[in-house]
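# Breakdown of the fold
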Amino acid sequence: MSHKRMPKRKAAIAVGGVAALGAAALLLPNANASQDPDQATAGGTAGARTLKAADASGLAGRLQKILGDAFAGSYYDSGKQQLVVNVVSGDSNVVVQAKKAGAVVRQVDNSMAELKAAARTLKTRATIPGTSWAVDPRTDKVLVTADSTVTGANWNRLRSTVRGLGSGMATLKKSSGTFKTFVSGGDAIFSQVQGGSVRCSLGFNVTASDGSPAFLTAGHCGVAAKKWSDSETGQPIATVDQATFPGEGDFSLVKYDDPNTQAPSEVNAGNGQSVQINQAADATVGETVFRMGSTTGLHDGQVTGLDATVNFQSETDPNGVDTVTGLIQTDVCAEPGDSGGSLFTQDGSALGLTSGGSGDCTSGGETFFQPVTTALQATGARLGGGGGGGGDNGAGDQAGAGDQAGAGDEAGAGAGDQAGAGDQSGAGHQAGAGGDRIGGGADPSGTGAADDGSSSLTDSR
């Protein structure tokens with residue numbers, strides 16, 4: 001939240017603490033590292049350049065315009081630090097331009113139009129609770145995932161629909177978990193509702209379009225409750241201004257009640273460390289990302305798909321479906337209470353807000369995130385808050401990775417059963433990180449037991 005001080009809680013390092021601290025070790029030493037985009041790639045494809053993931057996202061956006069209909073998605077090869085761009089038959093001249101720009105160009109069979117059409121067919125014929133789909137540019141297919149609740153007639157229907165898309169168009173995977181929103185069980189921002197309390201995580205501090213301090217969190221948190229506090233029994237300090245869920249996104253803009261609240265633009269990475277958030281950016285398939293949440297703390301993994309469509313079982317109608325489109329899919333783990341928490345890169349780019357997924361931080365799973373750039377555009381907010389400095393970049397100037405690999409009309413990403421960073425046991429790993437600002441303190445209390453100290457991080461809480 002913007003930034004008041006949160007009461008310090010005793011930091012507790014639970015069983016999974018070592019894993020979280022390991023993620024922090026991976027993140028922090030290189031938080032300000034930068035590579036020269038023009039540096040030649042040693043041993044890489046001739047002409048391809050070594051790029052940071054953020055630079056690859058921008059290049060992909062430019063190449064999509066150059067390639068036009070020949071563009072069939074792109075992804076970041078993190079091992080070689082190169083952008084790979086898929087093309088279907090197209091003007092060789094245009095391909096030459098892509099290579100000159102520094103990308104690795106790969107010929108594929110499925111065009112983006114065909115992949116989007118497949119996603120539309122899935123939406124029409126297989127909108128079943130517990131399913132997701134997205135385009136995976138690495139396989140040039142739509143990856144469809146079904147959770148453990150998809151059985152019997154629903155499974156047969158889904159499988160038949162996937163087969164009907166044709167050979168080489170889609171892959172169907174089964175997840176051992178259950179797709180759900182991670183709205184309960186965390187500790188960071190709280191709200192009292194009929195029958196108990198709701199706990200979510202703060203995502204990123206922002207400045208609303210009217211200049212007031214605010215923060216972004218998950219839309220299903222904003223729909224669940226209007227008033228939010230920085231402690232379970234404390235008085236409300238922020239009020240939901242806008243909330244979207246389900247539908248075209250899962251995000252909320254929550255304004256601090258005190259207009260003088262300071263909201264630093266940073267994420268608490270645990271262990272007394274924080275990462276300055278400098279800009280909002282679009283995710284790129286293949287890039288390494290970090291997630292901070294108030295239940296499980298810091299975890300890392302990779303982006304596995306863009307423009308994912310997820311069909312959650314409705315919380316209010318046992319026969320209904322809460323469909324959310326336009327999400328980022330990753331193999332980073334998450335658990336209840338992490339909802340709304342921040343997804344970011346080691347160089348300080350804000351990417352997403354935790355929405356939901358399957359699995360946990362012991363067995364792994366897949367987790368979906370609301371793109372920050374979309375949330376900023378929809379709410380008119382910009383990163384950074386009163387007294388908190390930090391990037392004011394809105395979504396507008398970033399290269400839309402969402403237009404790259406993704407099937408715009410909700411191509412999902414079903415990275416199926418990847419455990420991703422998920423082997424990190426996330427029970428509350430991290431010892432209360434640093435500063436007590438409501439602006440983002442990650443206070444991962446893993447087990448929920450401890451603590452508090454929340455921090456100043458623009459991130460999950």
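Residues numbered from 1 in each chain as written. Predicted model: local features only at pLDDT ≥ 70, side-chain atom pairs only at ≥ 80, totals over all residues. Heavy atoms only, no water.

### With respect to the side chain of Thr161
Inspection of the secondary structure puts Thr161 in helix H5 (residues 152-164). Residue contacts for Thr161: discarding those within four places in its chain leaves Thr121, Leu122, Arg125 and Ala126. (Helix = DSSP H or I, 4+ residues; strand = E, 2+ residues; numbered from the N terminus. Contact = heavy atoms within 4.5 Å.)

### Let's talk about the packing of aromatic side chains
Counted according to the given criterion, the structure contains four aromatic pairs. Relative to Phe368, the ring of Phe179 has its centre 5.6 Å away and its plane inclined at 80°; by these criteria the two rings are edge-to-face. On the criterion of sequence distance, the pair formed by Phe179 in the loop between strand S6 (170-174) and strand S7 (180-181) and Phe368 in strand S23 (residues 367-371) is long-range, its members being 189 residues apart. Each member of the pair, Phe179 together with Phe368, is buried. The interplanar angle of 55° and the centroid separation of 5.4 Å between the aromatic rings of Phe215 and Tyr256 together place this pair among those described as tilted. (Phe/Tyr/Trp six-rings, centres within 6.5 Å; stacked < 30°, edge-to-face > 60°. Buried < 20%, exposed > 50% of the residue type's maximum accessible area, 1.4 Å probe, protein only.)

### Regarding the packing of helix H4 (residues 112-125) against H5
The relative placement of two packed helices is expressed as an angle between their axes plus a distance between the axes. In contact at an axis separation of 10 Å, H4 and H5 are set at 155° when each is read in the N-to-C sense. Taken as axis vectors, H4 and H5 run roughly antiparallel relative to one another. Crossing hand, H4 versus H5: right-handed. Facing Thr121, Leu122 and Arg125 of H4, the residues of H5 in contact are Arg157, Thr161 and Val162. The class makeup of the residues in the contact of H4 with H5 is two nonpolar, two polar and two charged. (Axes fitted to C-alpha atoms, helices over the stretch in contact; angles between N-to-C directions. Parallel < 35°, antiparallel > 145°, perpendicular 65-115°, else oblique. Left-handed = near helix turned anticlockwise from the far one by under 90°. Nonpolar A, V, L, I, M, F, W, Y, C, P; charged D, E, K, R; others polar.)

### A closer look at the sheet that holds strand S1 (residues 71-77)
By way of backbone hydrogen bonds, the strands of a sheet pair with one another, either parallel or antiparallel. One open sheet accounts for three strands, arranged S1-S2-S3; its pairing is mixed. Looking along the sheet, the strands with just one partner apiece sit at the ends: S1 and strand S3 (104-107). On average, each strand axis in the sheet is tilted by 25° relative to the strand beside it, whichever way the strands run. (Pairing = 2+ DSSP bridges.)

### A look at the state of the cysteines
Inspection of every chain in the model, using the stated rule, returns two disulfides. Across a sulfur-sulfur distance of 2.0 Å, Cys200 and Cys221 are joined as a disulfide pair. Taking the sign of the S-S torsion, -95° for the link of Cys200 and Cys221, the bridge is left-handed. Taken together, the residues Cys200 in strand S9 (residues 196-200) and Cys221 in helix H6 (residues 219-224) connect sequence positions 21 residues apart. By relative accessible area, Cys221 is classed as buried at 0%. Two residues share a disulfide in this structure: Cys333 and Cys361, whose sulfurs sit 2.1 Å from each other. As the torsion about the S-S bond is roughly 95°, the Cys333-Cys361 disulfide counts as right-handed. With a gap of 28 residues between them, Cys333 in the loop between strand S20 (321-330) and strand S21 (342-344) and Cys361 in the loop between strand S22 (349-357) and S23 connect regions that are remote in the sequence. (Disulfide = S-S within 2.5 Å.)

### Topic: the pattern of salt bridges
Tallying each qualifying case throughout the model produces five salt bridges. With its nearest N and O atoms 2.8 Å apart, the salt bridge here joins Lys255 to Asp210. Separated by 45 residues along the polypeptide, Lys255 in strand S14 (residues 251-256) and Asp210 in the loop between strand S10 (204-207) and strand S11 (213-217) bring together distant segments of the chain. Judged by its relative accessible area of 52%, Asp210 is exposed. One network of salt bridges, in which partners are shared, links Asp210, Asp241 and Lys255. (Salt bridge = Lys/Arg side-chain N within 4 Å of Asp/Glu carboxyl O.)

### Brief notes about helix H7 (residues 372-379)
Within H7, the full set of buried residues consists of Val372, Thr373, Ala375, Leu376 and Thr379. Buried residues of H7, seen end-on, are gathered within an arc of 165° and therefore sit on one face of the element. (Arc of directions from axis to C-beta.)

### Details of the sheet that holds strand S24 (residues 382-383)
On the basis of which strands lie adjacent, the open sheet formed by six strands has the order S12-S13-S14-S11-S10-S24 and antiparallel pairing. Because the sheet does not close on itself, it has two edges, and the strands there are strand S12 (227-228) and S24. As paired elements, S12 and strand S13 (residues 238-244) share two bridges and run antiparallel to each other. Residue pairing across strands places Lys227 opposite Thr239, the latter belonging to S13.

### Here's the deal with the confidence of the model for the protein chain
For the protein chain, per-residue confidence averages 77 on the pLDDT scale, and 71% of positions sit at 70 or higher. Within the model, the stretch residues 30-44 combines pLDDT values under 50 with 25 contacts to residues more than four positions away or in other chains. Taken together, the stretch residues 183-187 has pLDDT below 50 and engages in 27 contacts with residues farther than four places along the chain or on a different chain. (pLDDT = per-residue confidence, 0-100.)

### Regarding the nonpolar core
The biggest cluster of nonpolar side chains holds 23 residues, and the ones touching the most others in it are Phe204, Val206, Leu216, Phe344, Val372, Leu376 and Leu383. Broken down by secondary-structure element, the contributors of at least two residues to this core are S10, S11, S14, strand S15 (266-270), strand S18 (288-293), S22 and H7. Counting residues per element, this core draws most heavily on H7, at three residues. (Core = buried A, V, L, I, M, F, W, Y, C linked by side-chain atoms within 4.5 Å.)

### Observations concerning the environment of Gly270
Position of Gly270 among the secondary structure elements: in strand S15. For the pair Gly270 and Leu298, spaced 28 residues apart in the sequence, the C-alpha separation amounts to 7.1 Å.

### Some words on helix H2 (residues 53-67)
Its 15 residues place the ends of H2 20 Å apart at the C-alpha level, agreeing with the 21 Å of an ideal helix rising 1.5 Å per residue. Along H2, the residues classified as buried are Ala53, Ala56, Ser57, Gly58, Leu59, Ala60, Gly61, Leu63 and Leu67. Elements that come into contact with the buried residues of H2 comprise S1, strand S2 (82-87) and helix H3 (92-100). Downstream of H2 by a residue or two, Gly68 has a phi angle that is positive, lying close to 60°. (Expected span 1.5 Å × (residues − 1).)

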